[in-house]
Every structure is written in structure tokens, then in C-alpha cells.
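Residues per chain are reported as follows:
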Amino acid sequence: MTTLFHAAHGAGPDIVLVHGWGLHGGVWSSLAPALASHYRVTVVDLPGHGRSPALARDANIDAYADELATTMPSPAIWVGWSLGATILLRMSRRHPQNIQRLVLVGATPRFIRCENWPWGQDAEVLEAFGRELSLSYRATLQRFLSLQLGSEGDLRVPVKQMRRELLRYGAPDPVALQAGLSILRDTDLRTSLSQINVPCQVIHGTHDRLVPVAAGEFLASRLPFARQDLLQSAGHAPFLSHPGAFQNVLENFLRG
């Protein structure tokens, strides 16, 4: 079993923050201290990201969900962004006893577009990332970041912040990067959403270029106990581009 790197801040009810593909727990560097005044906030690096060792080459989404469930404090409130949200949706079916509440940021039950799912990316987008990783992981990941935030106007600061965090602990493990792309490519959780019986919050930016708002709306409508909060003008990482608005809607949900 792998021991995932994690760090805890503050005291109170447990909250675990789970980042997205290609990054690490450092993306929560602004949110974690803000929550730590009322919660014990645990920030984790996914396998092969940041300071966590990678799982086996053939590890799938179930292995990632199981690793989080066995390593992190529980029961807890879980906040997942992008790939992290996908893993938490799966974990909520495999380990429901570990979850008190679920916050899903920039989330979708299916990342890839298909005939009966128009709210996804073309498979070629992920295939291109996979090909380019072998040539230049730095350029590939930075292009991925540009899709998440853009680089115009007041978004220049969060873009620079994410790029600065990108290599703080060295390059992510290539095996883990490919595994994350495989999870995004192959996972379809639409039929299991009705069985997730915990309070859920779906937070989505109205200008998300990776996961359309309609995907978040579908997600919120199929989860039995869910609310959706839309952040106007925000992109795929609203906790970085619109930190104040993000924290407000999150804390309203947690207090509710």
C-alpha cells in the first residue's frame, strides 16, 4: 500500500481537499488556511503527484479511490476538483461510510463526448495530451493550465500561481499522468449517481472551457441530495480565479 503525502491544518470537523490532474495539493494554498479557522483541513497529493509515490502502472480509478479512503481521515467532508472530483464520486460508491458531505468542483460524470453525452471533450484532446507528454511534460501541463483559466485580464495572476505551483516538487510521475488521463477517458459514472446518498454541492464556473456548465447541471440533477452553485465568469478552477466568491458558496453549504 502507498502512503500518500498529506498535511493537516487547523482543528475541528475534517475536510479533505483533493486536487486535479497534473498538479498537487499546493493548488489549495489559499483556500486551506481560510478553512482552517473552523475545520481540520487535510491537503493530499494524489498518487504520483507532488510528494506522493505513484501506484502501479495498471492502477485504475478504483485503486485511486481505495487509496484515498484508506489513507485520509474519515468520516470527512471531501472537496474534489476536476479529476479529484471524479475519483471522489467513485469513492462515494465504494466507501460511503467515509463521506459526510461531498463538494464537487468543475466536475462531470463523463469527461469524453459520445453520442448520448454532448457535454464532454473530444477524445482527441486527451490523446493529444498523452502524445505530447512524452515530448515535453512542462509545455503540455502549462497548455492544460491555460485551458483551465485562460490568461486575460484579472486571470493572469491565478495562471501564474498555477504555473508556479506546477513544478514546486518536481515533475509528476509520467505513469501517474497517463493513469489520470486514462481515468478521464474511460470513466462514466452517470448510472451510479442516484446511489450517492450524501449531501452534495456542485460548484461550476460559467466560463469553464474544459467541463461545460450543462455537465455540472446534469450532475446536480441526478445526485439525490445536491445543490448547484454557479460562479459567474469563473473558469475551471474558480477557487483560484474567484477565491472570495468560491469560499462564500462553499461555507454556505458547509453551514447549511
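The structure we're discussing is the one just above.
Note that the structure is a prediction, hence the values are computed from the model and not measured.

## A look at the pairing of strand β4 (residues 76-81)
And then number 1: Extensive coverage of β4 is indicated by the burial of six of its six residues.
And then number 2: Neither face of β4 is left uncovered, since the one carrying Ala-76, Trp-78 and Gly-80 and the one carrying Ile-77, Val-79 and Trp-81 both have all their residues buried.
And then number 3: The pairing of strand β2 (residues 14-18) with β4 spans four bridges and is classified as parallel. Looking at the pairing, Val-18 lines up with Gly-80 of β4.
And then number 4: Read from β4 through helix α3 (residues 83-94) to strand β5 (residues 99-105), the crossover connection turns out right-handed.

## Examining the packing of aromatic side chains
And then number 1: One pass over the full model with this rule turns up six aromatic pairs.
And then number 2: Measuring from centroid to centroid gives 5.1 Å for Trp-117 and Trp-119, while their planes differ by 80°, and the two rings are edge-to-face.
And then number 3: On the basis of relative accessibility, which here comes to 1%, the residue Trp-117 falls in the buried class.
And then number 4: With a relative accessible area of 32%, Trp-119 lands in the partly exposed category.

## Re α3
The periodicity of an α-helix, 3.6 residues per turn, causes residues three or four positions apart to be oriented the same way.
And then number 1: Between its first and last C-alpha atoms α3 spans 17 Å; for 12 residues at 1.5 Å apiece the expected length is 16 Å, and the two agree.
And then number 2: Burial analysis of α3 places nine of its 12 residues in the buried class, which makes it a mostly covered element.
And then number 3: Turning to α3, the residues buried within the fold contact β2, α2 (61-71), β4, β5, α7 (174-186) and α8 (213-222).

The rules we used
- Residues numbered from 1 in each chain as written.
- Predicted model: local features only at pLDDT ≥ 70, side-chain atom pairs only at ≥ 80, totals over all residues.
- Heavy atoms only, no water.
- Buried < 20%, exposed > 50% of the residue type's maximum accessible area, 1.4 Å probe, protein only.
- Helix = DSSP H or I, 4+ residues; strand = E, 2+ residues; numbered from the N terminus.
- Pairing = 2+ DSSP bridges.
- Right-handed = clockwise from strand over helix to strand, strands pointing away.
- Phe/Tyr/Trp six-rings, centres within 6.5 Å; stacked < 30°, edge-to-face > 60°.
- Expected span 1.5 Å × (residues − 1).
- Contact = heavy atoms within 4.5 Å.

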